[in-house]
Amino acid sequence: MFTSRSTLSAKRIMTTSALAISLLSFNAFATSPAHPSGENQHMIISQTFNSTNYQTDESTKMFPAPKQGMEQHRLILPTLDNEANYMVEVQIGKTQLVDCNKHSLFGELTEHSVKGWGYNYYQVDSIKPGPSTKMACFDQAKIETFLTIPGTLTIQYDSRLPKVFYIPQGSELRYRVWTANSEFSYSKAK
């Protein structure tokens, strides 16, 4: 009897140890796709201008200057092989200190076209506090988190022109690149 208890105890210890090791060794990383040079570095150049420091160049001269209280954000995408395999995800919002409740923002992202050119740009006219839940948080510390306006914009990767956004000053634009790592599969009738 003594041996069966010690065997059972040893099995529990080994199972618990194996579970603990597997939980501690599990890592998930969200990274941008590898740069064509083979190094994992930022591929997109981001520029921000307001009404007082606005600058233009040949690739952005057709876009309107930002109005007072607005910022123009430009995402300049480097040329890649097989750009059809990439997408750019954009979220617009603000980083705020929030309590334990679920918070949100109001704002509408609209797509516009530059008259006479046909190039698109995106604009959010205002961002306001949205609804939140009303749980009692008591003495819980506030945490800094990025709150987004409703919806996420996903656009096809196209390095021929910068992606241009107009958002209220004090707002933030964040982005990431998605890539297709697999081939298409086919659905066939049986």
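Scroll up to find the structure.
A quick note: this is a predicted structure, and the numbers were derived from the prediction, not measured.

**Some points on the nonpolar core**
So, point 1. Residues Val88, Val90, Ile92, Tyr157, Phe165 and Leu173 are the most contacted members of the largest nonpolar core, which totals 23 residues.
So, point 2. Secondary structure elements with two or more residues in this core: strand E3 (86-98), strand E6 (120-124), strand E9 (153-156), strand E10 (163-168) and strand E11 (172-179).
So, point 3. For this core, the element with the highest residue contribution is E3, accounting for five residues.
So, point 4. Dropping the residues within four chain positions of it, Tyr157 is found in contact with Met43, Leu77, Pro78, Leu80, Glu83, Tyr86, Met87 and Val88.
So, point 5. Among the nonpolar cores identified, the runner-up in size contains seven residues, and Met62, Phe63, Val164 and Tyr166 belong to it.

**Considerations on the environment of Ile76**
So, point 1. Take Ile76: it is sitting in strand E2 (residues 70-76).
So, point 2. Owing to a relative accessible area of 27%, Ile76 belongs among the partly exposed residues under this scheme.
So, point 3. Counting along the chain gives 31 residues from Ile76 to Ile45, while the straight-line C-alpha distance between them is 5.0 Å.
So, point 4. If we skip the residues at most four places from it in the chain, Ile76 touches Met43, Ile44, Ile45, Gln47 and Pro162.

**Overview of the packing of aromatic side chains**
Given two aromatic rings, their pairing is described by the distance between the two centres and the angle made by the two planes.
So, point 1. For the structure on display, the rule yields six aromatic pairs.
So, point 2. Taken together, the ring pairs in this structure connect Phe63, Tyr121 and Tyr166 into an aromatic cluster.

**Some details on the side chain of His73**
So, point 1. Position of His73 among the secondary structure elements: in strand E2.
So, point 2. Owing to a relative accessible area of 8%, His73 belongs among the buried residues under this scheme.
So, point 3. At 3.2 Å, the side chain of His73 and the side chain of Thr48 are in polar contact.
So, point 4. Looking at His73, its side chain comes within polar contact range of the side chain of Glu71, at 3.1 Å.
So, point 5. Among all residues touching His73, those that are not within four sequence positions of it are Gln47, Thr48, Lys163, Val164, Phe165, Ile167 and Leu173.

**Here we look at the pairing of E9**
So, point 1. Burial along E9 is one-sided: Leu153 and Ile155 are buried, while Thr154 and Gln156, pointing the other way, are not.
So, point 2. Alignment of E3 against E9, held across four bridges, turns out to be antiparallel. Looking at E9, one finds that Val90 is bridged to Leu153.

Cut-offs and rules
Residues numbered from 1 in each chain as written. Predicted model: local features only at pLDDT ≥ 70, side-chain atom pairs only at ≥ 80, totals over all residues. Heavy atoms only, no water. Core = buried A, V, L, I, M, F, W, Y, C linked by side-chain atoms within 4.5 Å. Buried < 20%, exposed > 50% of the residue type's maximum accessible area, 1.4 Å probe, protein only. Helix = DSSP H or I, 4+ residues; strand = E, 2+ residues; numbered from the N terminus. Contact = heavy atoms within 4.5 Å. Phe/Tyr/Trp six-rings, centres within 6.5 Å; stacked < 30°, edge-to-face > 60°. Polar contact = N/O pair within 3.5 Å; in protein donor to acceptor, adjacent residues only side chain to side chain. Pairing = 2+ DSSP bridges.

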